[in-house]
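Coordinates in review
So you can see what is in the structure, the chains are spelled out below.
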Amino acid sequence: MASVPRSFLLLSIIPTILILCADFACCNTGRKTGDGLDTDFSGFSVPLEHSFQVDDVSRFRMRGALQLRGGRETSVSLSQSQLSEEDRNTLKEVAAVDGLYKIRVPRVSLTDRQTERQMDGYLTAFVRACSLVESHLSDVITLHTDVSGYLIGVSIVTIPGACRGTEVEDEVDLEAFNTTLTIIAPTNAPQPETALFIERMDIEHEKRGKPQEQKSFFAKYWYLILGGAIFLMASSSAQPSAGGAEEQQS
Amino acid sequence: MYPPSLVVTFTKKSSVKMAKLTSLFVISLSFFCISEAVFEDQVGKFDWRQQYVGKTLFAHFESNTQSSKKMFVATDKNIFASFNSRTGDLLWRHVDKTGPEGSIDILLLHGQDGRLLRSWDTNIGGLNWEAVLDTGSFQAACFVAIQDTVKLVAVLKKAALSLHYLSNGHQKWVENLPDSDAVQYQAVYSGGEEEVYVLGVVPNSHLTIIAYSLEDGEIIKQVTTLAFLVSFATTGKKTVAAVMTPKNETVMLRHSNPRWLSPLSFPLQACAINLFSVDSGRRLLDTTVLFPLELNGGKPHALYVHAFLKKDDSVGYRVLVQTQDHALTFIQQPGRVVWTREEALADVVTMEMVDLPLTGTQAELEGEFGKKADGLFPMVLKRLSSQVTLLQAWLAHLWKLFYEARKPRGQVKNEVTIETLSRDEFNLQKMMVMVTASGKLFGIDSKSGSILWKHYLENVQPNAAFKLIVQRTTAHFPHPPQCTLLIKDKDTGLATLHVFNPIFGRKSHIALPALPRPILQSLLLPVIDQDYAKVLLLVDDQYKVTAFPSTKNVLQQLQEMASSIFFYLIRSDQGNLSGFRLRKDLSTERIWEVVLPTEVQKIVAVKGKRPNEHVHSQGRVMGDRSVLYKYLNPNLLAVVTESTDTHPERAFVGVFLVDGVTGRIIHEAVQRKARGPVHFVHSENWVVYEYWNTKSRRNEFSVLELFEGTELYNSTVFSSLDRPHLPQVLQQTYIFPSPITTMEATLTEKGITSRHLLVGLPSGAILSLPKMFLDPRRPEVVTEHSREENLIPYAPEMPIRTEWFINYNQTVARVKGIYTAPSGLESTCLVVAYGLDIYQTRVYPSKQFDVLKDDYDYVLISSVLFALFFATMISKRLAQVKLLNRAWR
């Protein structure tokens, strides 16, 4: 089970810039509904609902089922059905009036199975219906959890995200969702890097320490001084009378 | 590892120059340098500080002679201070702990804090000694003098009166008070003889005075009167009572303890204060003081009398009146106001800076363009006439300059009055509109600190929340600028609006919308009505939207734009963040929802970006000449949470970056082993927050920066609806060696100047910390690229350098907030720090790159320029001659 979605991830051309804690990503086309869902799965399933109405009143209907698995390796996968003929037409109509396409998932906890059903309320997100149509139903749904594994937010974007007003002629393009699903847990903010800094300081200190240990001025340049002294002695002995006296006078 | 500081605070400029020269090579060695300090001759030139104490609870005068200058007050801010009674200046001040620990129950001449009896030196304010009193429900206390020397302290509790020796706090005697269930004993007083008087009151009935013997505490006499009696003051052998009566004949008695007087509500123009003899009950002649009340001020709240014997043995007195707006007024006979202190400014809640209007002539020129054209000829005439007036004004200005130049320096006075207010060349002088907790509004000139107008809002609940909104700036002459203050009762959520002109403080007579329901959120739209006022939307608890102003024009614009107006609501008690979109009929629909379970973490603060912030550069040029583009989302919200679990190992601080339009969680980070209080700044593409590390027990700074990457998704416009890719998030954390109380970022006109963080420290200092030090791209290991980019190598500890303190020795006690405003100069940012004190200054984060220095050599430059000019002329002439000669050859 795990290897299949991973290959999908590799195949998917969607560049995900920063999935910091994306433990698992799944890309499931609607045509494959039901495939492999009945395998051993310790997780649970929550409904993913969507709503798109011309009058923008929320009437949520089933879009698919999210298979969530908590624990150390949280993972999520989505099984969803194709859009019906009627839905496709509604979606196009909503897109024409710049309406919104909304999704919602119930608030659940991925770790604590007892409280999962007790929480009420939903997490909602939206995207412009026109961008969903123009992107041929390729959307990226991200689920956010908090530190203790509660779902706190959901987001949906389409790629590309812009509405350019291009008509989608081919009905096939609007049949099935091409969804990328990610679940993101909070990242741990860094602590001050004292250990590394001290280590670096020590290294620098060692580098700098070595030449400082070295000898004094005389020890360093003894050969120059000695050479100079010999040169002076030699020059003075070679020319005892020539410049010595005159120099002293001047 | 950084260059040593270049400039030492408080040194003369000349002496610093050498230091600068010698350290020049140090700068050249390292690639960055920040030197920022104040020269001694600059002190007080661009900045000012005002010190306040708060609402007076107790006041005492030093002695009963006419010449005494000192008076002492204790305030609700736990401050014990001394004023000069002649001028109202602060002599000294003790800022005690905040909260109930430091609260001052009563102030005697020597002072007493709660259960601790403290003796203060009245000259310098030093603490003499401190003794512990026994506990009990404390009511009042006073000194008892025997033969003019204070030896005893009488302490009145709910049901007992006790006498203590002043020298050591030991009890002399204690007596139970009669009828202590029915009678509320409020005051204790001794006239210096053998008696101690206790004053009790049965509400709405009568007053009881009991006299005790000093020696053994026996009740000597007990008097019950059917009138409200007032505080005593004594001088020599006469004990007097001061009574304040409003001018409309309703008798109102005032006492230094206001608890037993019901608030009075009738319009007052003035109050009369009379002196009565306590022995006879007769009014003393010639003692009436008329106290004029300000039109926009508060009513008198408490009265303190300083009585003394004049040379002719008659009683003279001065009165200190505390009004409801926390103003202290000192009045001398016959009704002359000696000084006034606006103590409401000790508790500023929010403020805005508003540009001053243009001068009359400039405004006239501007006004020409605002009006509709009425023919060519009148327009030409009008233009000519306005040019003539401009010329006149300029000549007058020149004449004034000339006239003033002849006068000696000290005599030139630049008094700021509300009439002479006008914008200066670089828009450095602004109007500070301050809203205080007492409900009093102030207009303060930012240059001098003088209060130009004040307006007291009556019926403001003490727990009200304020939001000040600038709806129309001064840029739209002839329409006056307009500010709106949203006052919201925290209990009921009901809100009222106060619309006023921020330059003159006058209330506008604009029809206000009815707000029958509690207000959840207010948002200022960039939409303007036909009078150039921005539209304020108020969302009530049924998610219905009220627009203000709500003219037809505005409603039409709103209908057109409705589908692109999004707003968010946050219910921190439910951990709920939700987004809404406006519908055409001004109802709303909920479009997104994020829920942070309250059993795990609670939302403590949410901040968006400041709407008037400009970002000049879209990206950062990196060492390899590629550009790293910033993620500049104007709708981004920074949400900070704290864990409900406070165990040091499990506590955490959460930082969420949420798009306010789509509800998308852009970034979610958890700082483990951390707890609040969290202070944070959200600006440009970064968030800086400060928290307490519970494991290492220290304060830490963390910085988050968001980048789009090396390519922009859509470089022309940012839309939250069309940004599918998440930004790159970089983060770094540093140790900060001090706790902080508040934080704000500098703001400049165009955003070219580098940013600094202004950090208010508990010590009262304000630190200007370069943002450069808080950069998550600071490298661990220095490389060629990072050197190219001027990145400082990472160091875990953030330095605090004393030359970064922008307020040198002018500490701001209990700094609560810092407000920054751009000026007309790109290099200059105006800063106001407020808390107990108010401090205003200017900061130059990138130094004054657009201003010529004071010692700029104009003569040299202009002489060189002229010399070059003439040299060119002469050489041109010579060249011409030479050419001519050559042509003849």
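The structure presented is a predicted model; accordingly, all values stated were derived computationally and were not measured.

Helices and strands together make up the secondary structure of chain A, namely seven helices and ten strands. Evaluated residue by residue, chain A yields a buried proportion of 42% over its 250 residues. For chain A, restricting intrachain contacts to residue pairs at least 6 apart in sequence, the fraction spanning at least 24 positions comes to 69%. When the accessible area of chain A is evaluated, it comes to approximately 14,000 Å², of which 55% is carbon and sulfur surface.

It is worth spelling out the sheet that holds strand 23 (residues 327-332) of chain B at this point. Residue and element names in this part refer to chain B. Judged by pairing direction, the sheet is antiparallel, and its four strands sit side by side in the order 21-22-23-24 without closing on themselves. Looking at strand neighbours, the two that pair on one side only are strand 21 (300-309) and strand 24 (336-342), the edges of this open sheet. Across this sheet, the average inter-strand angle for adjacent strands is 15°, counted without regard to direction. Here strand 22 (residues 315-323) pairs with strand 23 via five bridges, running antiparallel. By the bridge assignment for strand 23, leucine 320 is matched with phenylalanine 330.

Scanning the model with the defined rule gives 30 salt bridges over all chains in all. Note that A:Arg88 and A:Glu85 form a salt bridge whose closest N and O atoms lie 2.9 Å from each other. Of the two residues, A:Arg88 and A:Glu85 both sit in helix 2 (residues 85-96), three residues apart, roughly one turn of that helix. Residue B:Glu589 pairs with B:Arg581 through a salt bridge whose shortest N-O separation is 3.6 Å. Taking relative accessible area as the criterion, B:Glu589 reaches 5% and is therefore assigned buried. Ionic contacts of the salt-bridge type, sharing partners, join the residues B:Asp325, B:Glu342, B:Lys440 and B:Lys454 into one network.

Residue and element names in this part refer to chain A. Per the counting criterion, the structure on display carries one disulfide over all chains. Here cysteine 130 is linked by a disulfide to cysteine 163, with a sulfur-sulfur distance of 2.0 Å. Residues cysteine 130 and cysteine 163 are joined by a disulfide whose S-S torsion is about 85°; by sign, that bridge is right-handed. Here cysteine 163 lies in the loop between strand 8 (151-158) and strand 9 (178-184) and cysteine 130 lies in helix 3 (residues 129-134), a separation of 33 residues in the sequence. With relative accessibility at 9%, the residue cysteine 130 sits in the buried group.

What follows concerns the side chain of B:Gln732. If you trace the backbone, B:Gln732 turns up in strand 47 (residues 728-736). A residue is classified by how much of its surface remains accessible, and B:Gln732, at 10% relative accessible area, is buried. With residues near it in sequence (within four places) discarded, B:Gln732 still touches A:Pro190, B:Phe701, B:Ser702, B:Val703, B:Asp775, B:Pro776, B:Arg778 and B:Tyr794.

Turning our eyes to something else, we now look at the interface of chain B and chain A. At the interface, 54 residues of chain B touch 45 residues of chain A. Overall, the association of chain B and chain A removes approximately 4,100 Å² of surface from exposure, summing both partners, and the carbon and sulfur fraction of that is 57%. The closest approach of N and O atoms between B:Glu589 and A:Lys102, which form a salt bridge, is 3.3 Å. Here chain B is connected to chain A by 15 residue pairs in polar contact (both at pLDDT 80 or more). Those elements that provide at least two residues to the side of chain B that touches chain A are strand 37 (588-595), strand 42 (652-659), strand 43 (665-672), strand 45 (686-693), strand 46 (698-709) and strand 47 of chain B. Class assignment of the residues belonging to the side of chain B that touches chain A gives a composition of 30 nonpolar, ten polar and 14 charged. Inspection of the sheet shows strand 10 (residues 187-188) of chain A paired to strand 43 of chain B by two bridges, in the parallel sense. Note that in strand 43 of chain B the partner of A:Asn188 across the bridge is B:Val670.

Residue and element names in this part refer to chain B. Following the criterion strictly, the structure yields 18 aromatic pairs over all chains and no others. Ring geometry for tyrosine 543 against phenylalanine 580: centres 4.9 Å apart, planes inclined by 25°, an arrangement best described as stacked. Taken together, the residues tyrosine 543 in the loop between strand 33 (534-540) and strand 34 (545-548) and phenylalanine 580 in strand 36 (residues 576-582) connect sequence positions 37 residues apart. Its relative accessible area of 22% is what places tyrosine 543 among the partly exposed residues.

This part covers the UniProt feature "domain: ER membrane protein complex subunit 1 C-terminal" (unreviewed entry) in chain B. Mapped onto this numbering, the UniProt entry gives "domain: ER membrane protein complex subunit 1 C-terminal" (unreviewed entry) at residues 683-888 of chain B. The straight-line gap between the two end C-alpha atoms of residues 683-888 of chain B is 74 Å; of that span, 17% is helix and 30% is strand.

All names here are of chain A. A rise of 1.5 Å per residue sets the reference length of helix 2, with its twelve residues, at 16 Å; its end C-alpha atoms lie 17 Å apart and thus fit the reference within 8%. Elements that come into contact with the buried residues of helix 2 comprise strand 3 (61-69), strand 5 (100-106) and helix 3. A positive phi of about 55° marks aspartate 98, the residue just after helix 2.

Glancing now at a nonpolar patch on the surface. Residues and elements named next belong to chain A. A contiguous nonpolar surface patch, about 1,000 Å² in accessible area, is contributed by Phe217, Phe218, Tyr221, Trp222, Tyr223, Leu224, Ile225, Leu226 and Ile230. Mapped onto the nonpolar patch, the elements with two or more residues apiece are helix 5 (217-220) and helix 6 (222-238). Looking at which element gives the most residues to the nonpolar patch, the answer is helix 6, with six residues. In this structure, leucine 224 sits in helix 6.

What counts and how
Residues numbered from 1 in each chain as written. Chains lettered and ligands numbered in written order. Predicted model: local features only at pLDDT ≥ 70, side-chain atom pairs only at ≥ 80, totals over all residues. Heavy atoms only, no water. Helix = DSSP H or I, 4+ residues; strand = E, 2+ residues; numbered from the N terminus. Buried < 20%, exposed > 50% of the residue type's maximum accessible area, 1.4 Å probe, protein only. Contact = heavy atoms within 4.5 Å. Areas by Shrake-Rupley, 256 points an atom, 1.4 Å probe, with all protein chains shown as cover. Pairing = 2+ DSSP bridges. Axes fitted to C-alpha atoms, helices over the stretch in contact; angles between N-to-C directions. Salt bridge = Lys/Arg side-chain N within 4 Å of Asp/Glu carboxyl O. Disulfide = S-S within 2.5 Å. Buried area = accessible area lost by both parts, 1.4 Å probe. Polar contact = N/O pair within 3.5 Å; in protein donor to acceptor, adjacent residues only side chain to side chain. Nonpolar A, V, L, I, M, F, W, Y, C, P; charged D, E, K, R; others polar. Phe/Tyr/Trp six-rings, centres within 6.5 Å; stacked < 30°, edge-to-face > 60°. UniProt positions renumbered as here; feature names shortened; annotations may be inferred. Expected span 1.5 Å × (residues − 1). Patch = residues over 30% accessible without salt bridge, like charges linked within 9 Å, V, L, I, M, F, W, Y side chains within 5 Å.

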